[in-house]
Amino acid sequence: MELRELGGTGLRVSAVGFGASPLGNVFGDVPRDTARSAVRRALDLGVNFFDTSPYYGGTISESVLGDCLRHAAVPRDQFVVATKCGRYKDEGFDFSAARVTRSVDESLVRLGLDYVDILHAHDIEFTSLDQIVNETIPALQKIKESGKARFIGITGLPLSIYPYVLDRVPPGSVDVILSYCHFGINDTSLVDLLPYLKNKGVGVITASPLAMGLLTDSGPPEWHPAPEQLKSACRAAAEHCGRKGKSITKLAMQYSLMNNEISTVLVGMNSSKQVEENVAAALELSTSGIDEELLHEVESILEPVKNVTWPSGIEQS
């Protein structure tokens, strides 16, 4: 598995990252032995980056991931763990200094770790971005200084949140960003921001290469916020791949791995089989490349909805 530098952190993370939200049973029950074997298989195949949050499954994801990592019994310096703060299943959003400071301690207990490699403020578009600038990030800096988190980041859907915050905090205050649903076959708008982020010395993580289920044979969940025109076009693209005996999921995964400016692509996994499929897609990409003909056909189907997204968060004054 290819390792990539994560901004200026010095961390080298696997191109495929293990999204641990499914371990919180958010897409159905995952038996503990299934979760353990998935994490063990990921480590064996060179996946070293694991991402979770107290929000996923109402803290279950963190607890299960911690158990899986202990069970795998690999040295702490051989894996990278990111968790988040500020968004909670029962409490909603709370980015106050007091809450995020308490949050990291709670997360470390659940994960069974002395420190996390990255602590993100989770979905910051749901609060005042000025609070993030003036209160949350200074609190995260203190957590970093304490050694409980090595690096800090911010996450969210609207791309405008990143320059807003990064232009208002001291240089080097934010080490990484985690963007989702903006670097895939249907939406490449993150690319426009990459030179800016590189100039700021910020590492880039992307998530949801399958656009939260849009680019799958089974389609998105009922609650998916995408407009109908986008859902319909993605459905047509998936059906086109199916008629050719190809997998839109594999194509989408490979597409998201193609840009080396993005350090890691997070994809939710809950079984050894999913781990093996994602790693196989990455290895096939590095040896024989992507199916260019199929990619062009899918891109043309999705062209009318290119970069179509959906609102997320509160109106920022």
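Each value, and the rule that gives it
- Residues numbered from 1 in each chain as written.
- Predicted model: local features only at pLDDT ≥ 70, side-chain atom pairs only at ≥ 80, totals over all residues.
- Heavy atoms only, no water.
- Pairing = 2+ DSSP bridges.
- Helix = DSSP H or I, 4+ residues; strand = E, 2+ residues; numbered from the N terminus.
- Axes fitted to C-alpha atoms, helices over the stretch in contact; angles between N-to-C directions.
- Salt bridge = Lys/Arg side-chain N within 4 Å of Asp/Glu carboxyl O.
- Buried < 20%, exposed > 50% of the residue type's maximum accessible area, 1.4 Å probe, protein only.
- Disulfide = S-S within 2.5 Å.
- UniProt positions renumbered as here; feature names shortened; annotations may be inferred.
- Parallel < 35°, antiparallel > 145°, perpendicular 65-115°, else oblique.
- Left-handed = near helix turned anticlockwise from the far one by under 90°.
- Contact = heavy atoms within 4.5 Å.
- Nonpolar A, V, L, I, M, F, W, Y, C, P; charged D, E, K, R; others polar.

Engineer: Describe the sheet that holds strand β10 (residues 176-180), and please don't skip the residues or the numbers.
Structural biologist: Taken in spatial order, the eight strands close into a barrel running β3-β4-β5-β8-β9-β10-β11-β12, and their pairing is parallel. Direction aside, the axes of adjacent strands within the sheet are offset by 30° on average. With four bridges joining them, strand β5 (residues 80-85) and strand β8 (residues 116-121) adopt parallel strand pairing. If you follow Lys 84 over to β8, its bridge partner there is His 120.

Engineer: So what's going on with the pattern of salt bridges? Residues and values would help.
Structural biologist: Within this structure, the stated rule accounts for 24 salt bridges. Between Asp 67 and Arg 36 there is a salt bridge whose closest N-O contact spans 2.8 Å. Of this pair, Asp 67 sits in helix α2 (residues 60-72) while Arg 36 is found in helix α1 (residues 32-44), placing the two residues 31 residues apart along the sequence. For Arg 41, the salt bridge identified is with Glu 276, shortest N-O distance 2.7 Å. With Arg 41 in helix α1 and Glu 276 in helix α9 (residues 272-288), the pair connects residues that are 235 residues apart, well separated along the chain. Judged by its relative accessible area of 34%, Glu 276 falls in the partly exposed class. Through salt bridges with shared partners, a single ionic network connects Glu 91, Arg 99, Arg 102 and Glu 106.

Engineer: I'd like a rundown of the state of the cysteines, residues and numbers included.
Structural biologist: Under the defined criterion, the tally for this structure stands at zero disulfides. Among the cysteines around Cys 181, which has no disulfide bond, Cys 234 carries the closest sulfur, lying 10 Å off. Residue class for Cys 181 comes out buried when judged on its relative accessible area of 7%.

Engineer: Any chance you could break down unusual backbone geometry for me, citing the residues and the numbers?
Structural biologist: Look at Thr 59: it is not a glycine, yet its phi comes out positive at around 80°. The residue Thr 59 is located in the loop between β4 (49-51) and α2 in this model. For Asn 307, which is not glycine, the phi dihedral falls at a positive 65°. Position of Asn 307 among the secondary structure elements: in the segment after α10 (292-302).

Engineer: Break down the UniProt feature "domain: NADP-dependent oxidoreductase" (unreviewed entry) in the protein for me, with residues and values.
Structural biologist: In the numbering used here, UniProt assigns the "domain: NADP-dependent oxidoreductase" (unreviewed entry) feature to residues 16-289. Between the end C-alpha atoms of residues 16-289 the distance is 16 Å, and the span holds 42% helix and 17% strand.

Engineer: Before we move on, can you summarise the packing of helix α7 (residues 228-243) against α10 with the specific residues and values?
Structural biologist: Where α7 meets α10, the axes come as close as 9 Å, and the angle between the chain directions of the two elements is 155°. By the angle between their directions, the pair α7 and α10 is classed as roughly antiparallel. Of the two elements, α7 crosses α10, and the hand of that crossing is right-handed. Counted together, Ala 233, Cys 234, Ala 236, Ala 237, His 240 and Cys 241 of α7 and Leu 294, Glu 297, Val 298, Ile 301 and Leu 302 of α10 form the full contact between these two elements. Along the lines of polarity and charge, the residues of the contact of α7 with α10 split into nine nonpolar, one polar and one charged.

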